[in-house]
Amino acid sequence: MFEISKTFEFSAAHSVFSQRLSKRWAKNAYPKCRRLPGHGHNYRLVVYLQSEKLDSSQMVTDFGHLRWLKDFIGECFDHKLILSFEDPAFYVLLEKLGLLKNETFSLPVEGAQVEAVAVKEDYRLEKFNFKEMELSKFSSYTFVSFRYLGETSTPEGDFYSRLIDGIAFFRGSPTSENLARFFYYFVNENIKPLGVKCSKVSIFETPSSCATFGEV
Ligand SMILES: Nc1nc2c(c(=O)[nH]1)N=C([C@H](O)[C@H](O)COP(=O)(O)OP(=O)(O)OP(=O)(O)O)CN2
């Protein structure tokens, strides 16, 4: 069996609302990773691909065949604040940011729209634009990243373009474990036509903290 790996780097922020530390094991049991609006990491994502045989280029697959993943990470994860649908503070945070009205995600800027790049439950990609959308509809996605489409020359337009471009929604708590699982299924779904398999994915939050999901 052959195995190749490709590493991707991105910077992002998250708040690990699910963090609970045991006093017995952690000297300082204060769960600092729950803090809002979040803390940042220089993430390293390592994707492992396996194949029994080599292709016509005598490769598992060309490293260049993962360019789509580099582009996706650059557009949808890099320099984003990853907010979780399941965070108890999710609704409060969106409301305070002016993005929530009657349980509806809405942009309070005349004429502006939001472009969403969404990963569905089956890990396929979908793109759509909206001005308003019921928040409950987002929870059928595993991940949604946003881009502001509108005027930016007013202070309000500037604020909402920077805010919208800076956030993404994630289904579970954004732990390294959950991110590794997300990328494992996302990569496997989207490389099916290449005829190779993603065997595992590792996510490094820091140089010394890593989670792996797949055939470990
Ligand atoms: N199993 C997991 N544990 C922790 C996760 C996680 O995703 N999975 N996440 C965090 C935080 O995001 C934290 O920022 C990173 O944790 P940690 O390695 O403890 O970071 P430090 O740099 O503060 O730790 P050092 O002791 O200085 O290496 C927490 N835990």
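Up top is the structure these notes are about.
Please read all numbers here as calculations on a predicted model, not as lab measurements.

What counts, and where the lines are drawn
Residues numbered from 1 in each chain as written. Predicted model: local features only at pLDDT ≥ 70, side-chain atom pairs only at ≥ 80, totals over all residues. Heavy atoms only, no water. Phe/Tyr/Trp six-rings, centres within 6.5 Å; stacked < 30°, edge-to-face > 60°. Helix = DSSP H or I, 4+ residues; strand = E, 2+ residues; numbered from the N terminus. Buried < 20%, exposed > 50% of the residue type's maximum accessible area, 1.4 Å probe, protein only. Lys NZ or Arg CZ within 6 Å of the ring centre and 35° of its normal. Pairing = 2+ DSSP bridges. Near = heavy atom within 4 Å. Polar contact = N/O pair within 3.5 Å; in protein donor to acceptor, adjacent residues only side chain to side chain. Areas by Shrake-Rupley, 256 points an atom, 1.4 Å probe, with all protein chains shown as cover. 1 Å grid on protein atoms, 1.4 Å probe; cavity = no way out; pocket = protein on both sides within 12 Å on 5 of 7 lines; lining within 4 Å. Sits in = over half its atoms within 2 Å of the grid points. Axes fitted to C-alpha atoms, helices over the stretch in contact; angles between N-to-C directions. Contact = heavy atoms within 4.5 Å. Points joined across faces, edges and corners; volume = space filled by probe spheres on them. Nonpolar A, V, L, I, M, F, W, Y, C, P; charged D, E, K, R; others polar. Arc of directions from axis to C-beta.

**So, the packing of aromatic side chains**
Piece 1. Per the counting criterion, the structure on display carries 34 aromatic pairs.
Piece 2. An angle of 35 degrees between the planes, with centres 4.6 Å apart, marks the rings of Phe72 and Phe186 as tilted. With Phe72 in helix H1 (residues 67-76) and Phe186 in helix H5 (residues 176-190), this residue pair connects regions lying 114 residues apart in the sequence. For the pair Phe72 and Phe186, one class covers both residues: buried.
Piece 3. With a centroid separation of 6.1 Å and an interplanar angle of 55 degrees, the aromatic rings of Tyr123 and Phe182 are classed as tilted. Of this pair, Tyr123 sits in the loop between strand S6 (113-120) and strand S7 (125-130) while Phe182 sits in helix H5, and the two are 59 residues apart along the sequence.
Piece 4. The exposure class of Tyr123 is buried, given its relative accessible area of 18%.
Piece 5. For Phe182, a relative accessible area of 3% corresponds to the buried category.
Piece 6. The ring centre of Tyr48 lies 4.6 Å from the NZ or CZ of Lys200, which sits over that ring.

**Quick word on the pairing of S7**
Piece 1. Direction of pairing for S6 relative to S7: antiparallel, over a ladder of six bridges. Bridging from a neighbouring strand, Val114 pairs with Phe130 of S7.
Piece 2. Between the end of S6 and the start of S7, which pair antiparallel, lie four residues, with Tyr123 showing a positive phi angle near 70 degrees.

**Section: the site of the ligand**
Piece 1. The environment of the ligand is made up of 13 residues, and the closest members are Cys33, Ser176, Glu177, Glu205 and Ser209.
Piece 2. Within the contact set of the ligand, an oxygen atom lies 2.9 Å away from a side-chain nitrogen or oxygen of Lys32.
Piece 3. Bound to the protein, the ligand loses 54% of the 620 Å² it would expose on its own.
Piece 4. At a threshold of 2 Å from the grid points, most atoms of the ligand map onto the largest pocket.
Piece 5. Counting only elements with at least two residues in the shell around the ligand, the list comes to strand S2 (39-51) and H5.

**Quick notes on the sheet that holds strand S3 (residues 80-84)**
Piece 1. Spatially, S7-S6-S9-S10-S3-S1-S2-S11-S12 is the arrangement adopted by the nine strands of the open sheet, whose pairing is mixed. The open sheet is flanked by S7 and strand S12 (209-214), the only strands paired with a single partner. Across the sheet, the mean angle separating the axes of adjacent strands is 30 degrees when strand polarity is ignored.
Piece 2. With 13 bridges connecting them, strand S1 (residues 2-14) and S2 associate as antiparallel partners. Paired with Thr7 across the strands is Val46, a residue of S2.
Piece 3. Of the strands in this sheet, S3, S6, strand S9 (141-149) and strand S10 (167-170) are in contact with helix H4 (residues 155-165), which crosses S9 at around 155 degrees.

**Remarks on empty space enclosed by the protein**
Piece 1. Scanning all chains against the criterion turns up one cavity of 30 Å³ or more.
Piece 2. Reported here for the largest cavity is a volume of approximately 30 Å³.
Piece 3. What lines the largest cavity is simply Ser15, Phe17, Leu36, Ile82, Leu83, Ser84, Asp87 and Pro174.
Piece 4. The residue makeup of the lining of the largest cavity, split by class, is five nonpolar, two polar and one charged.

**Some remarks on H4**
Piece 1. If you check which residues of H4 are buried, you get Gly157, Tyr160, Ser161, Leu163 and Ile164. End-on view of H4: buried residues confined to an arc of 170 degrees, all on one side of the axis. Counted as exposed and oriented over 90 degrees from the buried face of H4: Pro155 and Arg162.
Piece 2. Contacts from the buried residues of H4 go to S3, strand S5 (104-106), S6, S9 and S10.

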